[in-house]
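Listed here are the chains, written in short residue letters.
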Amino acid sequence: MSYTYNRLLKKIKQKDVPQHVAIIMDGNGRWAKMHKLSRSIGHKYGVERMKELLRVSKDAGIKYVTVYAFSTENWKRSSQEVGALMKLAVDFINRDIDEIASEGAKITILGDISALPEETREAVEYAVKKTEKNDELYFNVALNYGGRAEIVRAVKKIAEDVKNGVIDIDCVSEQTVSDNLFTAGMPDPDLIIRTAGEFRLSNFLPYQSAYSEIWISDPKLLWPDFAGKYFLKAIYDYQQRDRRFGAVK
Ligand code: IPE
Ligand code: IPE
Ligand code: MG
C-alpha cells in the first residue's frame, strides 16, 4: 500500500474509528462509459473495489461494513445489466467466499433474496451459511434492498406480533422498529459514503441513517476508482466532524 494510505491509516487510528460504515457504491456505469466499456464490465471492476474495501476496513478496525449492491429500483435496468449483476454475485461468491470466510467476516444480506434468480439466491444462502459463525468483521450486503420496503416489512412483523399477543402495543418503541429491520442487533451506521457525487440516499437505510454522517465524493470519483486511500480519507473527514445528536456541547 502507498505512502498516503499508510500515513492516513496511522492518523485515523489515533482517534475512534466509526463502528459502522455504509457505502453507496455508485458510478460503475459512468466509469465504464468513460473507458468505452460495457456497463457490466464497470460492475466487474466495482466488485474488485468492494473486495479491497473489506481488507481496508479490517486494517482500520471497522467492525460493520454495509454495501449497497442492488436496490429494489435497480430492476428497472435492462435485463442484460440485471442479469450481469446477478451473475457477478455468483462469480464473486464462488471465487472469494473461502478467503472472506477465513478472514473471519460474517455476511448478512439486507433485502429480499426470495426474488433473486435461483442461482444467485443459492450462492448467497451458501455464503451466509458458511460465514454465520464469524465475528471479526460484519459484512452486510444490501441486495434487492429498498429502505421503504424494509420499513413496511418491519411494520407488518410488529403488527403480527401485536395481533398474536407477543408484544403489547404500548411497548412498541423505536427499538422495536430497529429490532425488526434487516440490521436488527447492529449499531446504526455512523458514516454513509457515496461515490460519484450524487447528493441523495436512493432509498438506502432511511431508518438507520437518522443520525449518520454523510460523505459524498467528488463527481469524478467513481466507485471502480475508489481506492483504499479515499476510504481512509472519508473516515479521516468523519473524525473531524462534531456529532451533537441534538444536544449543545
Ligand atoms: C452503481 O453503479 C452500481 C449499481 C447500481 C448496481 P451504477 O450502475 O449506478 O453507475 P452509474 O450511476 O450509472 O454511473
Ligand atoms: C444506488 O445507486 C443503488 C446502488 C448503488 C446499488 P443508483 O445508481 O441506483 O441510484 P440513483 O438511481 O442514481 O438514485
Ligand atoms: Mg448510479
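All of these numbers come straight from a predicted model, not from anything done at the bench.

A. The overall build of the protein chain, seen in detail. Regarding its fold elements, the protein chain presents eight helices and six strands. The secondary structure elements of the protein chain, listed N-terminal to C-terminal, are α-β-α-α-β-α-β-α-β-α-α-β-β-α. The C-alpha atoms of the protein chain give a radius of gyration of 18 Å, which matches the 18 Å a tight globule of 249 residues would have. Along the first, second and third principal axes, the C-alpha set of the protein chain runs to 55 × 50 × 35 Å. Of all intrachain contacts in the protein chain linking residues separated by at least 6 positions in sequence, the fraction that spans at least 24 positions is 79%.

B. Representation of the pairing of strand β1 (residues 20-24) within the structure. With five of its five residues buried, β1 lies for the most part within the structure. Residues His20, Ala22 and Ile24 line one face of β1 and the alternating positions Val21 and Ile23 line the opposite face, and both faces are buried. Pairing geometry for β1 and strand β5 (residues 191-194), over four bridges, is parallel. When the sheet's bridge partners are listed, valine 21 is paired in β5 with leucine 191.

C. Quick look at the packing of aromatic side chains. For the structure on display, the rule yields 11 aromatic pairs. Taken together, a centroid distance of 6.2 Å and an interplanar angle of 85° make the contact between tyrosine 145 and phenylalanine 204 edge-to-face. Residue tyrosine 145 is found in strand β4 (residues 137-145), and its partner phenylalanine 204 is found in the loop between β5 and β6 (213-216); the two are separated by 59 residues along the sequence. Residue tyrosine 145 is classed as buried on the basis of its relative accessible area of 0%.

D. Region of interest: the site of ligand 1. Taken together, 13 residues form the shell around ligand 1, and within it Asp26, Gly29, Arg30, Arg39 and Arg77 come nearest. In this structure, glycine 27 approaches ligand 1 through a main-chain N or O atom, which is 3.3 Å from an oxygen atom. Between ligand 1 and asparagine 28, the relevant distance is 3.1 Å, taken from an oxygen atom to a main-chain nitrogen or oxygen of the residue. If ligand 1 stood free it would expose 370 Å²; the protein chains cover 86% of that surface. For the shell around ligand 1, the element with the most residues is helix α2 (residues 28-34), which contributes three residues. For the shell around ligand 1, the class distribution of residues is three nonpolar, five polar and five charged.

E. A look at the sheet that holds β5. With parallel pairing, six strands are arranged side by side in an open sheet as β3-β4-β2-β1-β5-β6. What marks the edges here is a single partner per strand, and that holds for β3 (105-110) and β6. For this sheet the average axis-to-axis angle between neighbouring strands, irrespective of direction, equals 20°. Where helix α4 (residues 79-102) meets the sheet, it contacts β2 (64-71) and β3, and its direction lies at approximately 155° from that of β3. Against the sheet, helix α8 (residues 228-239) contacts β1, β5 and β6, and its axis sits at roughly 140° relative to β5.

F. Molecular detail of the pairing of β3. Counted residue by residue, β3 has five buried out of six residues, so it is predominantly covered. Direction of pairing for β3 relative to β4: parallel, over a ladder of six bridges. Paired with isoleucine 107 across the strands is phenylalanine 139, a residue of β4. Following the chain from β3 across helix α5 (residues 118-131) to the adjacent parallel β4, one finds a crossover that is left-handed.

G. Looking closely at the site of ligand 2. Neighbouring ligand 2 are the residues Ile24, Met25, Asp26, Tyr68, Ala69, Phe70, Asn74, Arg77, Arg194, Arg200 and Ser202. Residue aspartate 26 places a side-chain N or O atom 3.2 Å away from an oxygen atom belonging to ligand 2. A distance of 2.6 Å separates an oxygen atom of ligand 2 from a polar atom in the side chain of serine 202. Taken by itself ligand 2 offers 390 Å² of open surface, and the protein chains cover 78% of this. Residues belonging to the shell around ligand 2 are distributed by class as follows: five nonpolar, two polar and four charged.

H. Molecular detail of the nonpolar core. In this structure, Ile23, Val67, Ile107, Ile193, Phe231 and Leu232 are the most contacted members of the largest nonpolar core, which totals 49 residues. Among the elements that take part in this core, α4 stands out by supplying nine residues, more than any other. Setting aside chain neighbours within four positions, we find isoleucine 107 in contact with Ile97, Ile100, Ala127, Val128, Thr131, Phe139 and Val141. Of all hydrophobic cores here, the second largest spans 10 residues; its members include Tyr68, Leu110, Phe182 and Leu205.

Parameters at a glance
- Residues numbered from 1 in each chain as written.
- Chains lettered and ligands numbered in written order.
- Predicted model: local features only at pLDDT ≥ 70, side-chain atom pairs only at ≥ 80, totals over all residues.
- Heavy atoms only, no water.
- Helix = DSSP H or I, 4+ residues; strand = E, 2+ residues; numbered from the N terminus.
- Rg over C-alpha atoms; globule rule 2.2 N^0.38 Å.
- Contact = heavy atoms within 4.5 Å.
- Buried < 20%, exposed > 50% of the residue type's maximum accessible area, 1.4 Å probe, protein only.
- Pairing = 2+ DSSP bridges.
- Phe/Tyr/Trp six-rings, centres within 6.5 Å; stacked < 30°, edge-to-face > 60°.
- Near = heavy atom within 4 Å.
- Polar contact = N/O pair within 3.5 Å; in protein donor to acceptor, adjacent residues only side chain to side chain.
- Areas by Shrake-Rupley, 256 points an atom, 1.4 Å probe, with all protein chains shown as cover.
- Nonpolar A, V, L, I, M, F, W, Y, C, P; charged D, E, K, R; others polar.
- Axes fitted to C-alpha atoms, helices over the stretch in contact; angles between N-to-C directions.
- Right-handed = clockwise from strand over helix to strand, strands pointing away.
- Core = buried A, V, L, I, M, F, W, Y, C linked by side-chain atoms within 4.5 Å.

These figures come from the coordinates and say nothing about function on their own.
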